[in-house]
Amino acid sequence: MSEKTKVFLALGIVYVVWGSTYLGVKFALHTLPPMLISCTRFLIGGSLLFALTLLRGQRMPTLQETRNAAFIGVLLSGVGNCAVAYALMKMPSGLVALLVATLPAWMILLDFLFFSTKKPTVVGAIGLVLGLVGMAVLLNPAQQVGQQEVPVLAASIVFLGSIAWAFGSLKSPYLVLPNSLQSTAIQMVVGGCFSLTMSIIFEHNQLQAFQSMTTETYLAMIYLIFIGSYVGYTAYVWLINHAPPQLTATYAYVNPVVAIFLGWIFLDERLTSRSMLASAIILAGVVMMTLGRKRPPKEIEIQ
């Protein structure tokens, strides 16, 4: 299989699988609190995956490799996924996906501030402004005092999670990490530990929640662990180190489309005409931001 074929296969996996995980988390939220979902998903998935790499004869990662992978894990599967899981409890999955779709905007800003120090391209800057306009239409700040369609706190948490995710994705190619599977496993375990800590601090009755799990919950968790984490997350880790950043970032505007249709089909979620207009503006802006993003000056390929 050629490298180009591998890239497009990985992209297709991230497009479909990650778009569907919004729905999986939504089903799991019927009985489990969001942070508990994240810690269970990543602790189990990461531990099993790491054990599998050792059974396949791969060496133990060095202390430096482990530390670097753990750092990325806190930002991505820790902060990033906890933010999304919390927001899914407060708003429809399609809207959460649209907020997450601003990720390339944060990548442009963080790339300029901490990595390339080059100004965004004209296309990227126009896309950034367009995306912010779409956010204003979606959040409708003028009516926040009255009836609000999107909780401001939940939306802000999604943005913070996206910033952490963007920084971790940009930083990853500059770090010495273990091989792809072990790096994924370590990131998942550390992210799960972070989520467990957040669950202990902010959530209650975890044992009761586990005892209340239904068949639907078990199926959702199995899907999130084996498909969302193993397949989707591993594909993303491979992409950020083998594909052009602007190509990898396209998942941010494809995932919302998948999530919107799945939420409509399975959860009877409805988007207002204003939300649909905002969706079009945001997606157009994200496309321009992705096309206008510059490649970092140096990348370390992870073997």
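Up top is the structure.
In short, a report on the structure. Predicted model, so just to flag it, every value in this text is computed and none were measured.

**Observations regarding the overall build of the protein**
Thinking step 1. Scanning the protein from N- to C-terminus turns up 13 helices and zero strands.
Thinking step 2. Listing each helix as α and each strand as β along the protein from the N terminus yields α-α-α-α-α-α-α-α-α-α-α-α-α.
Thinking step 3. The 303 residues of the protein split such that 53% are buried.
Thinking step 4. Within the protein, contacts between residues separated by at least 24 positions form 91% of all contacts whose residues are at least 6 apart in sequence.

**Digging into the packing of aromatic side chains**
Thinking step 1. This model, assessed by the stated rule, comprises 13 aromatic pairs.
Thinking step 2. A centroid spacing of 5.5 Å and a plane angle of 75 degrees characterise the contact between W18 and W165, whose relative ring orientation is edge-to-face. Separated by 147 residues along the polypeptide, W18 in helix α1 (residues 3–28) and W165 in helix α7 (residues 152–171) bring together distant segments of the chain.
Thinking step 3. Ring geometry for F42 and Y233: centres 6.4 Å apart, planes at 65 degrees, overall edge-to-face. With F42 in helix α2 (residues 34–55) and Y233 in helix α10 (residues 215–242), the pair connects residues that are 191 residues apart, well separated along the chain. For the pair F42 and Y233, a shared accessibility class is recorded, and that class is buried.

**Focus: the packing of helix α3 (residues 63–88) against helix α8 (residues 180–202)**
Thinking step 1. Two elements in contact, α3 and α8, have axes whose closest approach is 7 Å; the angle formed by their N-to-C orientations is 55 degrees. Classed by the angle they form, the pair α3 and α8 counts as oblique. In terms of crossing hand, the pair formed by α3 and α8 is right-handed. Across the interface between the two elements, T66, A69, A70, I72, G73, V74, L76, S77, G78, V79 and C82 from α3 touch S183, I186, Q187, M188, V190, G191, F194 and S195 from α8.
Thinking step 2. Of the residues in the contact of α3 with α8, the class split is 11 nonpolar, eight polar and no charged.

**Concerning the state of the cysteines**
Thinking step 1. What the rule picks out here adds up to zero disulfides.
Thinking step 2. Cysteine C82 is unpaired, with the sulfur of C39 as its nearest cysteine sulfur at 8.2 Å.
Thinking step 3. C39 provides the cysteine sulfur closest to C193, a residue in no disulfide bond, and the two sulfurs are 9.1 Å apart.

**Quick look at the nonpolar core**
Where a protein is soluble and globular, its nonpolar side chains tend to be buried together.
Thinking step 1. Counting 46 residues, the largest nonpolar core has Y22, V96 and L99 as the members making the most contacts within it.
Thinking step 2. The biggest single contributor to this core is helix α4 (residues 93–100), with six residues.
Thinking step 3. Those residues in contact with V96, other than ones at most four positions away along the chain, are Y22, V84, A87, L88 and M91.

Here is what the cut-offs are and how they apply
Residues numbered from 1 in each chain as written. Predicted model: local features only at pLDDT ≥ 70, side-chain atom pairs only at ≥ 80, totals over all residues. Heavy atoms only, no water. Helix = DSSP H or I, 4+ residues; strand = E, 2+ residues; numbered from the N terminus. Buried < 20%, exposed > 50% of the residue type's maximum accessible area, 1.4 Å probe, protein only. Contact = heavy atoms within 4.5 Å. Phe/Tyr/Trp six-rings, centres within 6.5 Å; stacked < 30°, edge-to-face > 60°. Axes fitted to C-alpha atoms, helices over the stretch in contact; angles between N-to-C directions. Parallel < 35°, antiparallel > 145°, perpendicular 65-115°, else oblique. Left-handed = near helix turned anticlockwise from the far one by under 90°. Nonpolar A, V, L, I, M, F, W, Y, C, P; charged D, E, K, R; others polar. Disulfide = S-S within 2.5 Å. Core = buried A, V, L, I, M, F, W, Y, C linked by side-chain atoms within 4.5 Å.

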